[in-house]
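Per-entry structural report
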Amino acid sequence: MGMILGKITVETPKYELLASTGDYEIRKYSPSVIAEVTYDPTQFNSDKDGGFMILANYIGALGKPMNAKPEKIEMTAPVITKTASEKIAMTAPVVTKSGVGETLTMGFILPSKYVKAEDAPRPLDERVVIREEGERKYGVVRFSGVARDEVVAEKVEKLKACLERDGYKVAGDFVLGRYNPPWTLPPLRTNEVMIPVE
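Small disclaimer: the values here were computed from a predicted structure and weren't measured. (Residues numbered from 1 in each chain as written. Predicted model: local features only at pLDDT ≥ 70, side-chain atom pairs only at ≥ 80, totals over all residues. Heavy atoms only, no water.)

**As for the pattern of salt bridges**
What the rule picks out here adds up to 15 salt bridges. Between Lys28 and Glu16 there is a salt bridge, with its nearest N and O atoms 3.6 Å apart. Note that Lys28 is positioned in strand S2 (residues 25–29) and Glu16 in strand S1 (residues 15–20), a separation of 12 residues in sequence. For Lys28, a relative accessible area of 28% puts it in the partly exposed group. As a salt-bridge pair, Glu36 and Arg131 come within 3.0 Å of each other at their nearest N and O atoms. According to the relative accessible area criterion, Arg131 is buried, its value standing at 6%. Each of the salt bridges in this network shares a partner with another, and the network as a whole consists of Glu25, Arg27, Arg142 and Glu192. (Salt bridge = Lys/Arg side-chain N within 4 Å of Asp/Glu carboxyl O. Helix = DSSP H or I, 4+ residues; strand = E, 2+ residues; numbered from the N terminus. Buried < 20%, exposed > 50% of the residue type's maximum accessible area, 1.4 Å probe, protein only.)

**Some points on the packing of aromatic side chains**
Under the definition given, this model contains 5 aromatic pairs. Seen in terms of ring centroids, Tyr29 and Tyr138 are 5.7 Å apart; in terms of plane orientation they differ by 80°. Their pairing is edge-to-face. Accessibility assignment for this pair places Tyr29 and Tyr138 in one class, buried. An aromatic cluster is built from Tyr15, Tyr29 and Tyr138, whose rings are joined through pairwise contacts. The ring of Tyr15 carries Arg27 above its face, with NZ or CZ at 4.3 Å from the centroid. Stacked on the ring of Tyr179, the Lys or Arg Arg142 has its end atom at 5.6 Å from the ring centre. (Phe/Tyr/Trp six-rings, centres within 6.5 Å; stacked < 30°, edge-to-face > 60°. Lys NZ or Arg CZ within 6 Å of the ring centre and 35° of its normal.)

Have a look at this one:
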């Protein structure tokens, strides 16, 4: 029942709150290990969340884990998605934008017991990449509802303007973190737009 009502009961990434305004927070995230898949949504009937099942199979969310141990890995939140303008040496809460031939990267932040990439079970699906992400700083805005493209774009533009107004330097593209499963009632969903800052 908690998942339908938006209660987040899984591990979330550790961060230090550096600043908080009425418009956003500045957070410093601890290093983490991420399982990622990069794909063209047209491979999944234009479903921008098509990579989810690949990652869910890797951790064993739907049955036998598709990793070399095989070890069931606990789900965490948020699920992170971002657009990829080029092939990325895999990095890391889901980012959606529309565009033909667009490549997306979806990532699951693995539980904190995995400190190094080699600590995580090796994926059986070669599309899944395990990588480490170091300490990072983000400007973050939280919002509820369905993270539709137009809503996310509006949040990104407002967050960028607020960060620049307050003297922060944007250091990369945004990522979208979604904390709840799709069956959570939309007004109770937790989403975050995160923009790296210096």
